[in-house]
Amino acid sequence: TRKVWADLTMAFVAGGGALRVRGRQELPPHTRRRTTSSKAVVRMARKKASEYNMNLRLREELEAPFRKVRMTIYGASAASAAVGGFIAGSRIIAALTGVSGVQPLSETVPNVAIDLGVIVGAVLLYRQETKAGERRLERIARGAAVAGLNVQISNGKVIKIGDLQNSRRVLIVGGSEEQVTAVLKDGAKFQSRLLDRELVVVPIVFDKRVSFAELKGEWEGQVIAEALQLNAWREWAEEEAKRARTVDIEKGLFMTIIRKDGKVGARSAQAISWERLLVDLERLPKRDKRGTP
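Residues numbered from 1 in each chain as written. Predicted model: local features only at pLDDT ≥ 70, side-chain atom pairs only at ≥ 80, totals over all residues. Heavy atoms only, no water.

Asks: Where do I start with the overall build of the protein chain in this structure?
Replies: Helix and strand content of the protein chain: 10 helices and 7 strands. Burial analysis of the protein chain (293 residues in total) assigns 42% to the buried set. Contacts in the protein chain between residues at least 24 apart in sequence constitute 74% of all its contacts with a sequence separation of at least 6. Accessible surface computed for the protein chain: about 16,500 Å², of which carbon and sulfur atoms make up 55%. (Helix = DSSP H or I, 4+ residues; strand = E, 2+ residues; numbered from the N terminus. Buried < 20%, exposed > 50% of the residue type's maximum accessible area, 1.4 Å probe, protein only. Contact = heavy atoms within 4.5 Å. Areas by Shrake-Rupley, 256 points an atom, 1.4 Å probe, with all protein chains shown as cover.)

Put into structure tokens, the structure is as follows:
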């Protein structure tokens, strides 16, 4: 019984530390192969945990390196408690059938209750770790999806969103032409401050075809980028809009901030306050050990 409790105590020991591994590569001009790749990356985010590829699973393990250890401890604790419960249960049966020399029921019954409690607790903790791992995999897949989408920056170079990681934050503004244009118009006067905080705005209109020159209006320079291959963006945006609680990307509005570390920083289904966004960004240190999210 003491061993079982020791196992259960060890099960609550949690370790942590997150690592991000991201490669960079130069991109050639758009090709059919890149279009297929972008769509494949977006579809990856919809897969169930059992279908995620090895690369995503390795990245998930890097973010939670001790999750498998904790799950092993939970499994071992449950197995140990099951063996103890089986032995204690046998003793109870022997005592009830009149076998002499067995452990008294006053000692055996509490042991069985403890073993059952350990089994239940270990199973619940194991399921919690499993669900946490699935949520982490889904988030990583979503990050890989947006990282694989293409944009054209001010110098005409075509890059992926992932190539901006560790150097730029990205604000994606998607929805109807009317709402996206209104958001850009309100934020045009803050361009220099947004550039100082290393933020790039990517506007996308889904209800009609609009030229980028017309859409960006007074925006110019490194603070704005053009979304390319809109079918891939649409596929990603339909899933993203659900998380931002936007009913229809062609009628509503969603805004998503991608942090420097590649993770989603915030989502909104309505126009954000540019002034408030800048205040929040300017509160961040210029540089920190995690790359200034």
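Structure shown, so let's carry the discussion forward.
Asks: Help me understand the pairing of strand β7 (residues 264-268) in this model?
Replies: As a general feature of sheets, a regular strand has side chains that alternate between the two faces. Here strand β6 (residues 253-258) runs beside β7; their pairing, made up of 4 bridges, is antiparallel. Of the residues in β7, the one forming a bridge with M255 is S268. The antiparallel pairing of β6 with β7 creates a hairpin that spans 5 residues between the two strands, and G262 there sits at a positive phi of about 90°. (Pairing = 2+ DSSP bridges.)

Asks: Can you walk me through the packing of helix α5 (residues 105-147) against helix α9 (residues 230-243) in this structure?
Replies: When two helices pack together, their arrangement is given by the angle between the helix axes and by the axis-to-axis distance. Put simply, α5 and α9 touch, their axes get as near as 11 Å, and they point 135° apart. One way to sum up the angle between α5 and α9 is to call them oblique. Along this stretch, α5 crosses α9, giving a crossing that reads as left-handed. Facing E138, R142, A145 and V146 of α5, the residues of α9 in contact are W236, E239, E240 and R243. Its residues assigned to classes, the contact of α5 with α9 shows 3 nonpolar, no polar and 5 charged. (Axes fitted to C-alpha atoms, helices over the stretch in contact; angles between N-to-C directions. Parallel < 35°, antiparallel > 145°, perpendicular 65-115°, else oblique. Left-handed = near helix turned anticlockwise from the far one by under 90°. Nonpolar A, V, L, I, M, F, W, Y, C, P; charged D, E, K, R; others polar.)

Asks: Please clarify how the packing of aromatic side chains should be interpreted in this entry.
Replies: Each aromatic ring pair is described using two quantities: the centre-to-centre distance and the angle formed by the ring planes. As enumerated under the stated definition, the model contains 3 aromatic pairs in all. Ring centres of W219 and W274 lie 5.7 Å apart, and the angle between their planes is 50°; this geometry places the pair in the tilted category. With W219 in the loop between α8 (212-216) and β5 (226-227) and W274 in helix α10 (residues 274-282), this residue pair connects regions lying 55 residues apart in the sequence. Here W219 matches W274 in class, with each residue buried. (Phe/Tyr/Trp six-rings, centres within 6.5 Å; stacked < 30°, edge-to-face > 60°.)

Asks: Honestly, the pattern of salt bridges in this entry has me stumped. Any pointers?
Replies: Any two side chains of opposite charge can pair, so long as their charged atoms come close to each other. Scanning all chains against the criterion turns up 6 salt bridges. Salt-bridge contacts for E250 lead to R234; the nearest nitrogen and oxygen are separated by 3.0 Å. Of this pair, E250 sits in the loop between α9 and β6 while R234 is found in helix α9, placing the two residues 16 residues apart along the sequence. Residue classification places R234 among the partly exposed residues on the basis of a relative accessible area of 24%. A salt bridge links D261 to R259, with the shortest nitrogen-to-oxygen separation between them at 2.4 Å. (Salt bridge = Lys/Arg side-chain N within 4 Å of Asp/Glu carboxyl O.)

Asks: What am I meant to see in the side chain of T108 here?
Replies: Topologically, T108 is positioned in helix α5. Within polar-contact distance, the side chain of T108 engages the backbone oxygen of P104 at 3.0 Å. If near-sequence neighbours (up to four positions away) are discounted, T108 is found in contact with A88, R91, I92 and Q103. (Polar contact = N/O pair within 3.5 Å; in protein donor to acceptor, adjacent residues only side chain to side chain.)

Asks: Whenever I open this one, the pairing of strand β4 (residues 199-205) confuses me. Can you help?
Replies: Across the 7 residues of β4, 7 count as buried, placing the element largely inside the fold. Burial along β4 is two-sided: the face carrying L199, V201, P203 and V205 and the face carrying V200, V202 and I204 are both buried.

Asks: Honestly, the environment of K68 in this entry has me stumped. Any pointers?
Replies: For K68, the location among the structural elements is in helix α4 (residues 67-96). Assessed through its relative accessible area of 40%, K68 is described here as partly exposed. Through-space distance from the C-alpha of K68 to that of T130 is 9.4 Å; in sequence the pair is 62 residues apart.

Asks: Explain the sheet that holds β7 here, please?
Replies: Spatial ordering of the open sheet is given by β4-β3-β6-β7, a layout of 4 strands whose pairing is mixed. Of all strands in the sheet, those bounded by a partner on one side alone are β4 and β7. The mean inter-strand angle of the sheet, taken between neighbouring strand axes irrespective of direction, is 15°. Note that strand β3 (residues 169-175) and β4 share 7 bridges and pair parallel. When the bridges of β4 are listed, V173 appears paired with P203.

Asks: Please explain the sheet that holds strand β2 (residues 158-160) as it appears in this structure.
Replies: Here we have 3 strands laid out as an open sheet, ordered β2-β1-β5, and antiparallel in their pairing. This sheet does not close on itself; its edge strands, each paired only once, are β2 and β5. Bridge analysis of strand β1 (residues 150-152) against β5 gives 2 bridges, and the strand direction is antiparallel. Within β5, the residue paired with V151 across the bridge is A227.

Asks: Before we go on, may I ask you to explain unusual backbone geometry in this structure?
Replies: With glycine set apart, most residues show a phi of negative sign, and most peptide bonds adopt trans. With phi around 75°, N166 is a residue other than glycine that occupies positive phi space. The phi dihedral of E198 falls on the positive side, at around 60°, and the residue is not glycine. Tracing the backbone through its elements, the reader meets E198 in the loop between α7 (191-196) and β4. With relative accessibility at 28%, the residue E198 sits in the partly exposed group.

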